[in-house]
Amino acid sequence: MSAESPSGVLSGAPDERRCVSLWSLREDVLVDTSSTTGSVLLSGRWGEVRLRGVNSTVREALRRMSLGPISLTNVAAELVPSGPERAPRGLSVGPSAGSKAEILMVLHRVQQMVVRSLTLEGADRLLLSAVPIAPAARCRPVPAGRRHPVRLSRFAFLRSEGKGFVLESPTSLYRMVLHGREASWVVGMLGLPATTEEIAAALPLSLQTVSEIIALLLATGMAVPADSGEVGEEGKGQENGHVPGPAAPCFAEDRDPALQSWSAVDLLFHSRSTLGRHDADFGATYPLAERMPPAPAVKSLPDGPRIALPRPVLDEVVAGDPPLTTVLEERRSIRSYGASRLTAAALGEFLYRALRVRGLREHHGDGRPPDEYTDRPYPSGGRAYELEFYLTVRDCAGIPAGIHYYAPVEHCLVRIGDAEQETAVPERIEEARIVAGLADPPSVVITITSRFHRLAWKYSGLAYALTLKHVGAVTQNLYLIATAMGLAPCALGSGDVDLAARTTGTDWRIEPGVGGFALGTRREERSPVPHRPSAIRT
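Bear in mind the structure is a predicted one, so any value in this text is a computation, not a measurement. (Residues numbered from 1 in each chain as written. Predicted model: local features only at pLDDT ≥ 70, side-chain atom pairs only at ≥ 80, totals over all residues. Heavy atoms only, no water.)

**Student:** So what exactly am I meant to see when it comes to the pairing of strand S1 (residues 19–25) here?
**Tutor:** Across a regular strand the side chains alternate sides, sitting on one face of the sheet and then on the other. Of all seven residues making up S1, six are buried, and the element is well covered by its neighbours. Sheet topology note: the S1/strand S5 (residues 114–120) ladder contains seven bridges and is antiparallel. For leucine 22, the partnering residue across the bridge sits in S5 and is serine 117. (Buried < 20%, exposed > 50% of the residue type's maximum accessible area, 1.4 Å probe, protein only. Helix = DSSP H or I, 4+ residues; strand = E, 2+ residues; numbered from the N terminus. Pairing = 2+ DSSP bridges.)

**Student:** Looking at this structure, I do not really get the pairing of strand S25 (residues 513–521). What am I missing?
**Tutor:** Burial analysis of S25 places seven of its nine residues in the buried class, the great majority of the element. Inspection of the sheet shows strand S22 (residues 444–450) paired to S25 by six bridges, in the antiparallel sense. Each residue of the ladder has a partner; that of valine 445, found in S25, is alanine 518. For strand S24 (residues 487–492) and S25, the ladder comprises six bridges, and the chain directions are antiparallel. Counterpart to leucine 487 in the pairing with S25 is threonine 521.

**Student:** Explain the layout of surface pockets here, please?
**Tutor:** If a probe the size of a water molecule is rolled over the atoms, the empty space left behind becomes visible. One number sums up the size of the largest pocket: a volume of about 550 Å³. In terms of lining residues, the largest pocket is bounded by 24 residues, among which Glu27, Val115, Val131, Val177 and His179 are the most central. When residues of the lining of the largest pocket are traced back to their parent elements, those giving at least two are S1, S5, strand S6 (126–132), strand S8 (157–161), strand S9 (164–168) and strand S10 (174–178). Here the lining of the largest pocket gets three residues from one element, more than from any other, and that element is S6. Across the lining of the largest pocket, the residue classes tally to nine nonpolar, six polar and nine charged. (1 Å grid on protein atoms, 1.4 Å probe; cavity = no way out; pocket = protein on both sides within 12 Å on 5 of 7 lines; lining within 4 Å. Points joined across faces, edges and corners; volume = space filled by probe spheres on them. Nonpolar A, V, L, I, M, F, W, Y, C, P; charged D, E, K, R; others polar.)

**Student:** Whenever I open this one, the sheet that holds S9 confuses me. Can you help?
**Tutor:** Backbone-to-backbone hydrogen bonds pair the strands of a sheet. The strands run either parallel or antiparallel. Here we have six strands laid out as an open sheet, ordered S1-S5-S6-S10-S9-S8, and antiparallel in their pairing. Strands with a single pairing partner mark the edges of an open sheet, and in this sheet they are S1 and S8. The mean inter-strand angle of the sheet, taken between neighbouring strand axes irrespective of direction, is 25 degrees. When S9 meets S10, the two strands line up antiparallel, connected through three bridges. Residue pairing in the sheet places valine 166 in a bridge with valine 177 of S10. (Axes fitted to C-alpha atoms, helices over the stretch in contact; angles between N-to-C directions.)

**Student:** Any chance you could explain the packing of aromatic side chains here in plain terms?
**Tutor:** Under the defined criterion, the tally for this structure stands at seven aromatic pairs. Both rings, one in tyrosine 479 and one in phenylalanine 517, keep their centres 5.2 Å apart while their planes meet at 80 degrees; by these two values the pair is edge-to-face. In this pair, tyrosine 479 sits in helix H14 (residues 463–484) while phenylalanine 517 sits in strand S25, placing the two residues 38 residues apart along the sequence. Classification of tyrosine 479 as buried rests on a relative accessible area of 7%. A relative accessible area of 0% places phenylalanine 517 in the buried class. One aromatic cluster is present, built from ring pairs that chain together Phe269, Phe452 and Tyr464. Against the face of tyrosine 373 rests arginine 383, its NZ or CZ located 3.9 Å from the ring centre. (Phe/Tyr/Trp six-rings, centres within 6.5 Å; stacked < 30°, edge-to-face > 60°. Lys NZ or Arg CZ within 6 Å of the ring centre and 35° of its normal.)

**Student:** How should I be thinking about the packing of helix H11 (residues 344–355) against H14 in this particular structure?
**Tutor:** Packed helices, taken two at a time, are described by the angle their axes make and the gap between the axes. In the contact formed by H11 and H14, the axes pass within 9 Å of each other and the chain directions differ by 140 degrees. Here H14 runs oblique to H11, going by the angle between their axes. Where H11 crosses over H14, the handedness of that crossing is right-handed. Along the contact surface, H11 presents Phe350, Arg353, Ala354 and Leu355, while H14 presents Val474, Asn477, Leu478, Ile481, Ala482 and Ala484. Per-class residue counts for the contact of H11 with H14 are eight nonpolar, one polar and one charged. (Parallel < 35°, antiparallel > 145°, perpendicular 65-115°, else oblique. Left-handed = near helix turned anticlockwise from the far one by under 90°. Contact = heavy atoms within 4.5 Å.)

**Student:** Mind showing me how you'd approach the sheet that holds S25 here?
**Tutor:** In space, the seven strands of this open sheet follow the order S13-S21-S20-S18-S22-S25-S24, with antiparallel pairing throughout. Looking at the sheet topology across the chains shown, the edges are occupied by strand S13 (306–308) and S24. Each adjacent strand pair in this sheet contributes to an overall mean axis angle of 25 degrees, direction not counted. In this structure, strand S20 (residues 402–407) lies alongside strand S21 (residues 412–416), joined through five bridges in antiparallel fashion. Bridging across to S21, tyrosine 406 finds its partner in leucine 413. Each of strand S18 (387–393), S20, S21, S22, S24 and S25 touches helix H12 (residues 419–436); the most contacted strand, S24, lies at about 90 degrees to it.

**Student:** Even after reading the chapter, I still don't get the nonpolar core, so can you show me in this structure?
**Tutor:** Burial of nonpolar side chains together is a common tendency in soluble globular proteins. Counting residues in hydrophobic clusters, the biggest one holds 36 residues, and the most contacted among them are Leu128, Leu167, Met176, Val186, Leu190, Ile199 and Leu217. Within the residue set of this core, elements represented by two or more residues are S5, S6, strand S7 (150–152), S10, helix H4 (181–189), helix H5 (196–202) and helix H6 (207–219). Ranked by residue count, the leading element in this core is H6, at six residues. Membership of the second largest hydrophobic core comes to 34 residues, among which are Phe350, Leu355, Tyr385 and Val471. (Core = buried A, V, L, I, M, F, W, Y, C linked by side-chain atoms within 4.5 Å.)

**Student:** So what exactly am I meant to see when it comes to the environment of glutamate 168 here?
**Tutor:** You can see glutamate 168 is positioned in strand S9. With 100 residues separating them along the chain, glutamate 168 and leucine 268 place their C-alpha atoms 9.0 Å apart. Sequence-distant contacts of glutamate 168, that is, excluding residues within four places in its chain, are made with Phe155, Ala156, Phe157, Arg159, Arg175, Met222 and Arg272.

**Student:** Which parts of the structure should I look at to understand the side chain of glutamate 168?
**Tutor:** By relative accessible area, which is 13% here, glutamate 168 ends up buried. For glutamate 168, the side chain forms a polar contact with the side chain of arginine 159, separated by 2.7 Å. (Polar contact = N/O pair within 3.5 Å; in protein donor to acceptor, adjacent residues only side chain to side chain.)

**Student:** What is the right way to read H6 from this model?
**Tutor:** In an α-helix there are 3.6 residues to a turn, and that puts residues three or four apart on one side. Between its terminal C-alpha atoms H6 stretches 18 Å, which fits the 18 Å expected from 13 residues at 1.5 Å a residue. All of the buried residues along H6 are Thr209, Val210, Ser211, Ile213, Ile214, Ala215, Leu216, Leu217 and Leu218. (Expected span 1.5 Å × (residues − 1).)

Shown next as structure tokens:
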């Protein structure tokens, strides 16, 4: 690899080899040329396409494309049809060019199955490939002007996969695979606006090669061109006697009202956790089933003293609760608290009604080992119930201050925490107060964590999105039950994941904090929902 000079230019003589376009089919596409009618059937993940009336050159080109990248020019020259098989009507070109044009016409109809690649003439590897990832993918490379500024889309992501880099963007229906270091050089130069000439001058690549790479990046939306004839902030006016500097290029992407609300991370997360704009595995595919066992339906209890919680008598709860509509209409986030203390009886009823395990069952079928699952008062996709709940108690009569794990089967609290965790208690309470804008510190802060592996073992693509949906469902449950009980609830909109890990004693990579909830007592004048204390069983 050429060394980089202090000026940022890669040293070495430019590689003047010609850049060649190659064509292939996606790896999942099957080509069936066995039809007696002469048609060709292409089958892929997005369905089938039957091509009728294609000649032998097109059929052979498609067959070869299913095996790997080919040069259409070479194939057309080698397989020039003779006799009745001629170039398409209206094409006044030689037979080789006519055959290539006919192949291109067919490939235009099935662009969602076609991979476009570039290589250097005589090279034994590709530079980069544009792989379609959705049925609507379309790609028509057009070289940018040699002096026209171009940059990477602000939504483009470069990551390592296998033996090379992959460039992806939620705004693109293609995945760019960077096979050669030369392609990576060009992509690296596009972090800032640059022209084809500037990039070619800085890299040991020919102007034609740089132009072809940029054209493919532009065609797939991985790179964006500057607006023509527009001046950015740096090139405006001569206010206060200042001489304007060079015009800063402007990009339509930056002004697009449909994109301005999205960060790159948010849009990527949205596009990859839903269907339609990617080709990754999705749904209940059990991606880890052959590599590791699933996480248990119920987490093993941590070590520590247990504190039994009172259990409400549900018949008394039903008789004493206000109507559901009343609870829904009175639900509020309450950020100030009353003088009375939260009690172990109230906390026990609250946790029992909202989070306990109502039953433990086994699922048999699908040719897989029996899978345990639980039944709880809130919904969970696939009956995963991966969420766990840790209570940081500041002030609750009958419960010692500190950090406690809620055991949903035993309906008890387990006191956890070493010296470092204990020092995090006031920090966690204060964080909740600041994040939620509370007037007073809450009596209890509930940290919601996710045993993520329980979802990731079963689901591809949507595991983290699913756990966030579960947080929303359980948060509404906590709100409604607290409102029905006349308590003061408030969800936490965000939180420090490292602080959550220190507080709960978990590894944020294995059981990350994904939500939080503050709880206290209401002021007397703020108790519009009547609630009769239920009978308690201990």
